[in-house]
Amino acid sequence: MILTKLKEATKPAHSRLETTVDLLNSALDLESYQNLLIEFYGFYAPVEPRLLQIVKQQSIDFDYEARLKVPLLTRDLQNLTGENFDFEIIKLCRDSPALETFAQTLG
């Protein structure tokens, strides 16, 4: 139920993002897709540990670990570039969103 409410509440933000990042564009080539995955990794890698820390402090039945992005991005980047991809070269996000409350974490 909370995920349904969250999805509805964030629908305008997702729509704006989808117009900026056109993942279904048939002209999206492999290099552009790889660069997009790198950008996503650069955002999620520093943010997800903080998300988990806040979620684990709550006493609700919410399996956030099943929704983690970094393991999936890591796998996809390794599949695209080879097992020896150097993740250290990825610029990590320093201007991450505020993550102090459970509501901010879900958002």
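This structure is a prediction, so every number in the text was calculated from the model and none was measured.

## Some points on the overall build of the chain
Helix and strand counts for the chain stand at 5 helices and 0 strands. When the helices and strands of the chain are read in sequence order from the N terminus, they spell out α-α-α-α-α. Taking contacts inside the chain between residues at least 6 apart in sequence as the whole, the part at least 24 apart equals 72%. For the chain, the exposed area adds up to about 8,200 Å²; of that, 52% sits on carbon and sulfur atoms.

## Here we look at the pattern of salt bridges
Opposite charge on two side chains permits them to pair, given that their charged atoms come into close proximity. Applying the stated criterion across every chain yields a total of 1 salt bridge. Note that Asp 76 is salt-bridged to Arg 75, the shortest N-O span being 3.2 Å.

## So, helix H3 (residues 30–56)
Look at H3: 37 Å from first C-alpha to last across 27 residues, which is about the 39 Å you get at 1.5 Å a residue. The sharpest bend along H3 measures roughly 35° and falls at Val 47, with the proline Pro 49 sitting one to four residues further on. What H3 keeps buried is the set Leu 36, Leu 37, Ile 38, Tyr 41, Gly 42, Val 47, Glu 48, Leu 51, Leu 52, Ile 54 and Val 55.

## Things to note about helix H4 (residues 70–81)
A rise of 1.5 Å per residue sets the reference length of H4, with its 12 residues, at 16 Å; its end C-alpha atoms lie 16 Å apart and thus fit the reference within 8%. Looking at the packing, one finds that the buried side of H4 touches H3. In the segment just after H4, Gly 82 is the residue with positive phi, at about 110°.

## Some points on the packing of H3 against H4
Across the interface, H3 lies against H4 with an axial gap of 9 Å and an inter-helix angle of 150°. As far as their axial angle goes, H4 and H3 are roughly antiparallel. In terms of crossing hand, the pair formed by H3 and H4 is left-handed. When H3 is examined against H4, the residues Leu 30, Tyr 33, Gln 34, Leu 37, Ile 38, Phe 40, Tyr 41, Tyr 44, Ala 45 and Glu 48 are found in contact with a partner set consisting of Val 70, Pro 71, Leu 73, Thr 74, Asp 76, Leu 77, Leu 80 and Thr 81. Of the residues in the contact of H3 with H4, the class split is 13 nonpolar, 3 polar and 2 charged.

## Side note on the side chain of Glu 48
By the element assignment, Glu 48 lies in helix H3. In this structure Glu 48 touches Tyr 64, Arg 67, Leu 68, Lys 69, Val 70 and Pro 71, once residues within four positions along its chain are discounted.

## A look at the packing of aromatic side chains
Taken as a whole and assessed by the stated rule, the structure comprises 3 aromatic pairs. Aromatic pair Phe 85 and Phe 87: ring centres 4.8 Å apart, planes at 85°, arrangement edge-to-face.

## Brief notes about the environment of Leu 68
With respect to the helices and strands, the residue Leu 68 is situated in the loop between H3 and H4. With 19 residues separating them in the primary sequence, Leu 68 and Pro 49 have C-alpha atoms 9.7 Å apart. Those residues in contact with Leu 68 that sit more than four places away from it in its chain are Glu 48 and Leu 52.

What counts, and where the lines are drawn
- Residues numbered from 1 in each chain as written.
- Predicted model: local features only at pLDDT ≥ 70, side-chain atom pairs only at ≥ 80, totals over all residues.
- Heavy atoms only, no water.
- Helix = DSSP H or I, 4+ residues; strand = E, 2+ residues; numbered from the N terminus.
- Contact = heavy atoms within 4.5 Å.
- Areas by Shrake-Rupley, 256 points an atom, 1.4 Å probe, with all protein chains shown as cover.
- Salt bridge = Lys/Arg side-chain N within 4 Å of Asp/Glu carboxyl O.
- Expected span 1.5 Å × (residues − 1).
- Bend = angle between axes of the 7 residues up to and from the residue.
- Buried < 20%, exposed > 50% of the residue type's maximum accessible area, 1.4 Å probe, protein only.
- Axes fitted to C-alpha atoms, helices over the stretch in contact; angles between N-to-C directions.
- Parallel < 35°, antiparallel > 145°, perpendicular 65-115°, else oblique.
- Left-handed = near helix turned anticlockwise from the far one by under 90°.
- Nonpolar A, V, L, I, M, F, W, Y, C, P; charged D, E, K, R; others polar.
- Phe/Tyr/Trp six-rings, centres within 6.5 Å; stacked < 30°, edge-to-face > 60°.

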